Amino acid sequence: MLRLSLSAVALLTASAAAAQQPVLTVYAYDSFTSEWGPGPQVEAAFEAECGCDLQLIGAGDGAALLSRLRLEGPNTQADVVLGLDTTLTAMARETGLFAPHGITPEGLTLPVDWDDADFLPFDWGYFAFVHDTTTLPNPPESLAELAASDISVVIQDPRSSTPGLGLLMWVKSVYGDEAPAFWEALAPQIVTVTAGWSEAYGMFLEGEADMVLSYTTSPAYHLIAEEDDSKAAAAFDEGHYMQIEVAGKLASTDQPELADRFLAFMLSPAFQEIIPTTNWMYPAALPAGALPEGFERMITPATALHLPSEEVPALRDEALAEWLAALAR
């Protein structure tokens, strides 16, 4: 009886201590919070130093995060949103839901300069079409060759997915006013359009398409984690569109200091060293020499394409209309 009573007291004490911990709620995209994504390691590392309860909540793919925030408005439970990218930051800023981060980032290793008062980067990469070299040994060498081929592809919906929106900007950067002709040529080869990256990549691995829209660094997962060098990203002559993923603090947070600590932690080695082998992207603040062995085998685009974030909203509506019209035929 005494042993049972002592156990009950210990349990109540632990529960009371947990209840006193401040809670920081971070919305992120699903693959970030998954058991194989960065989420579990990031949560353990931050909680080890913050004396808090970090709650990571998956909210669909990157573009779906912004849609959810718009619906929830200032009543959102999120203190921080992690997983938007530079195709969305201008639209996110227009919501008025974000607060300035007040951090001067040091040690950034992005291939571009960074100056944004509301959003901080945590990783980056280049979009690419990934293929299996055993079933497609001679992939197309350009967007034009892809559209002129009979190669099947899986892509993501630009209304819910940042890779999907990134492909729209990639095509628009290369083709400009001729983008509708590209989409009309490619449309018969599109097996399906998924809501997010995870579903599309899963379909590719199950053999349902020859190529999938992903990243130049995606083959690093197969090479490092599976010792499988059969997956590769096709290098395209026109160049590859760059994605920079960011996080921002909500103006409505009741944990502003804790949110600031998390954003600062995001740029520390403890967070950045988790990224390469869980998110399979380039960290935003880690030297190339610190990347795991295998990343040096990833292709480096000859041309990096990247539109300023403030130019994206005007192009997005036009590009989305072109994409929808081509796929509806």
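Reading guide: rules and limits
- Residues numbered from 1 in each chain as written.
- Predicted model: local features only at pLDDT ≥ 70, side-chain atom pairs only at ≥ 80, totals over all residues.
- Heavy atoms only, no water.
- Helix = DSSP H or I, 4+ residues; strand = E, 2+ residues; numbered from the N terminus.
- Expected span 1.5 Å × (residues − 1).
- Buried < 20%, exposed > 50% of the residue type's maximum accessible area, 1.4 Å probe, protein only.
- Arc of directions from axis to C-beta.
- Contact = heavy atoms within 4.5 Å.
- Domains from an automatic or database assignment.
- Buried area = accessible area lost by both parts, 1.4 Å probe.
- Salt bridge = Lys/Arg side-chain N within 4 Å of Asp/Glu carboxyl O.
- Polar contact = N/O pair within 3.5 Å; in protein donor to acceptor, adjacent residues only side chain to side chain.
- Nonpolar A, V, L, I, M, F, W, Y, C, P; charged D, E, K, R; others polar.

1. A look at helix H3 (residues 39-50)
The first and last C-alpha atoms of H3 sit 16 Å apart over twelve residues, in line with the 16 Å expected at 1.5 Å per residue. For H3, every residue scored as buried is listed here: Gly39, Val42, Phe46 and Cys50. An end-on view of H3 places all buried positions within 65° of arc, on one side of the element. Where H3 is buried, its residues meet strand E1 (23-28), helix H2 (30-33), strand E2 (53-58), helix H11 (256-266) and helix H12 (269-272). The first or second residue beyond H3 is Gly51, which carries a positive phi of 60°.

2. So, the domain arrangement of the protein chain
You can read the domains of the protein chain as domain 1 (23-124 + 243-296) and domain 2 (125-242 + 300-328). In this structure, domain 1 and domain 2 have C-alpha centres spaced 24 Å apart. Facing 26 residues of domain 1, the contacting portion of domain 2 comprises 30 residues. Roughly 2200 Å² is buried in total at the junction of domain 1 and domain 2, and carbon and sulfur atoms are behind 67% of that figure. Looking at the side of domain 1 facing domain 2, the largest losses of area belong to Thr87, Gln243 and Trp280, adding up to 31% of the total buried there. On inspection of domain 1 and its partner domain 2, the count reaches zero salt bridges. Viewed at the interface, domain 2 and domain 1 are joined by nine residue pairs in polar contact (both at pLDDT 80 or more). Mapped by element, the contributors of at least two residues to the side of domain 1 that touches domain 2 are helix H4 (62-72), strand E3 (80-85), helix H5 (89-94) and strand E10 (240-250). Taken together, the residues of the side of domain 1 that touches domain 2 break down into 15 nonpolar, eight polar and three charged.

3. With respect to unusual backbone geometry
Peptide bonds are mostly trans, and most non-glycine residues show a negative phi. Although it is not a glycine, Glu227 adopts a positive phi angle of roughly 50°. With respect to the helices, strands and loops of the structure, Glu227 is situated in the loop between helix H10 (218-225) and strand E9 (231-233). Residue classification places Glu227 among the exposed residues on the basis of a relative accessible area of 74%. A positive phi angle, near 55°, is found at Trp280, a position not held by glycine. When you line up the elements, Trp280 lands in the loop between H12 and strand E11 (282-283).

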